[in-house]
Amino acid sequence: MKSAPAENLWRPSLLPLWLSIGFLWLLHWLSLPLQAALGNAVGWVLAMKPGRRRRIVATNLALCFPEASRATRRRWLRQTFQTSMRAVLEHGVLWWASE
């Protein structure tokens, strides 16, 4: 596989990506409990937001666990988004923290 020339990495269409990486770099300085709290908060917001991902997770949970109550599946959906956001934020520590 051929590597992309460096000038292609700075094109305007990649600006959101670079801003996200910069934001992740800033957040890696926070303590893990603060990152966890922030990840839980962002995950909670994303779990409440109607959208394609939420529908997919809700459908998968309903198909895999039909015996679980609706409230339980909603809790699992929220926890899925929270855990995913915590993992995203903790990747900053994995990438940039010292050994």
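Let me begin by describing the structure that accompanies this report. (Residues numbered from 1 in each chain as written. Predicted model: local features only at pLDDT ≥ 70, side-chain atom pairs only at ≥ 80, totals over all residues. Heavy atoms only, no water.)

A closer look at the nonpolar core
Thought 1: One finds Ala47, Val57, Leu61, Leu77 and Phe81 forming the largest nonpolar core, which totals five residues.
Thought 2: Elements with a minimum of two residues in this core: helix H3 (52–64) and helix H4 (70–96).
Thought 3: Among residues more than four places away in sequence, those in contact with Leu77 are Ala47, Arg54, Val57, Ala58 and Leu61. (Core = buried A, V, L, I, M, F, W, Y, C linked by side-chain atoms within 4.5 Å. Buried < 20%, exposed > 50% of the residue type's maximum accessible area, 1.4 Å probe, protein only. Helix = DSSP H or I, 4+ residues; strand = E, 2+ residues; numbered from the N terminus. Contact = heavy atoms within 4.5 Å.)

Overview of the packing of aromatic side chains
Thought 1: Counting across every chain of the model gives four aromatic pairs.
Thought 2: When the centroid spacing of 4.8 Å and the interplanar angle of 15° are considered together, the rings of Trp10 and Trp18 count as stacked.
Thought 3: On the basis of relative accessible area, Trp10 is assigned to the exposed category, the value being 62%.
Thought 4: Exposure remark for Trp18: the relative accessible area of 31% places this residue in the partly exposed category.
Thought 5: When the centroid spacing of 5.5 Å and the interplanar angle of 90° are considered together, the rings of Trp95 and Trp96 count as edge-to-face.
Thought 6: For Trp95, a relative accessible area of 53% puts it in the exposed group. (Phe/Tyr/Trp six-rings, centres within 6.5 Å; stacked < 30°, edge-to-face > 60°.)

Side note on H4
Thought 1: Helix length check: H4 (27 residues) gives 40 Å between terminal C-alpha atoms against 39 Å at 1.5 Å per residue, within 8%.
Thought 2: The complete set of buried residues in H4 reads Thr72, Arg73, Leu77, Phe81, Gln82, Met85, Leu89 and Gly92.
Thought 3: Those residues of H4 hidden inside the fold are in contact with helix H1 (15–27), helix H2 (32–48) and H3. (Expected span 1.5 Å × (residues − 1).)

Digging into a nonpolar patch on the surface
Thought 1: Residues Phe23, Trp25, Leu26, Trp29, Leu94, Trp95 and Trp96 make up a contiguous nonpolar surface patch of about 870 Å² in total accessible area.
Thought 2: Considering the arrangement of structural elements, one finds Leu26 in helix H1. (Patch = residues over 30% accessible without salt bridge, like charges linked within 9 Å, V, L, I, M, F, W, Y side chains within 5 Å. Areas by Shrake-Rupley, 256 points an atom, 1.4 Å probe, with all protein chains shown as cover. Salt bridge = Lys/Arg side-chain N within 4 Å of Asp/Glu carboxyl O.)

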